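Structure at a glance
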Amino acid sequence: MKLVNHQEVDVIITAVAPVGSMVDVAGSGTPGFIDQVKHPSWRSAGASPPKVGDRLHAVVLDDSRTPPRLSALQQDIEIARTLREREHRK
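Quick caveat, the model's predicted, so the values are computed rather than measured. (Residues numbered from 1 in each chain as written. Predicted model: local features only at pLDDT ≥ 70, side-chain atom pairs only at ≥ 80, totals over all residues. Heavy atoms only, no water.)

Some words on the nonpolar core
This is how the line gets drawn: Among buried residues, the Ala, Val, Leu, Ile, Met, Phe, Trp, Tyr and Cys ones that are joined through side-chain atoms within 4.5 Å form a nonpolar core. Buried means the residue's accessible area, taken with a 1.4 Å probe over protein chains only, is under 20% of the maximum for its type, while exposed means over 50%, and partly exposed covers the values in between. In this description a helix means any DSSP run of H or I spanning at least four residues, a strand means any run of E spanning at least two, and both kinds are numbered starting from the N terminus.
Counting twelve residues, the largest nonpolar core is built from Leu 3, Val 9, Val 11, Ile 13, Val 23, Val 25, Ile 34, Leu 56, Ala 58, Val 60, Leu 70 and Ala 72. Breaking this core down by element, the ones donating at least two residues are strand S1 (8-17), strand S2 (20-25) and strand S4 (55-62).

Take a look at the structure:
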């Protein structure tokens, strides 16, 4: 599966490290990475830290990186929706 910037995807965390989490995009075998600061637990004391097997909704921030960089923050998802809407209007 080819990911593109601002695309929304469902992911499953496959590994957790101090710097972030490796994810599999919708069980497709396509890898991605969520930096620790782009996981909800970094900004909210009420959110659980990432664990292998967690399912998240995320957005592609940088499709040029290997693996692509994603964010599970609602704010980033909303920004991506706005950008896609603007692009659609052109």
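Continuing now.
Some thoughts on unusual backbone geometry
In the segment running from Thr 66 into Pro 67, the intervening peptide bond is cis, with an omega of -5°. Relative to the helices and strands, Pro 67 resides in the loop between S4 and strand S5 (69-71). For His 6, which is not glycine, the phi dihedral falls at a positive 75°. Locating His 6 in the fold gives a position in the segment before S1. Since its relative accessible area comes to 29%, His 6 is described here as partly exposed.

Focus: helix H2 (residues 74-89)
In an α-helix, one turn spans 3.6 residues, which is why side chains three or four residues apart end up on the same side. Rules: The span expected for a helix works out to 1.5 Å for each residue beyond the first. Throughout, the arc means that of the directions going from the helix axis to the C-beta atoms. The contact criterion used throughout is that any non-hydrogen atoms of two residues lie within 4.5 Å.
Between its terminal C-alpha atoms H2 stretches 23 Å, which fits the 22 Å expected from 16 residues at 1.5 Å a residue. For H2, the full list of buried residues reads Asp 76, Ile 77 and Ala 80. One face of H2 carries all of its buried residues, which in axial projection span an arc of 100°. Exposed and oriented more than 90 degrees from the buried face of H2 are Gln 75, Arg 86 and Arg 89. For H2, the elements touching its buried residues are S1, S4 and S5.

Some points on the pairing of S4
How we decide: For two strands to be treated as a pair, DSSP must find at least two bridges joining them.
Taken together, the five bridges between S1 and S4 define a ladder with antiparallel strand orientation. Along S4, the bridge assignment pairs Glu 8 with Val 59. Where S4 meets S5, three bridges bridge the pair, whose relative direction is antiparallel. Within the sheet, the bridge partner assigned to Asp 62 lies in S5 and is Arg 69. The antiparallel pairing of S4 with S5 creates a hairpin that spans six residues between the two strands.

Digging into the side chain of His 39
Tracing the chain through its elements places His 39 in the loop between strand S3 (30-35) and helix H1 (40-43). For His 39, a relative accessible area of 6% puts it in the buried group. Those residues in contact with His 39 that sit more than four places away from it in its chain are Ile 13, Ile 34, Ser 48, Pro 49, Pro 50, Leu 56 and Leu 73.

Geometry only, nothing functional implied.
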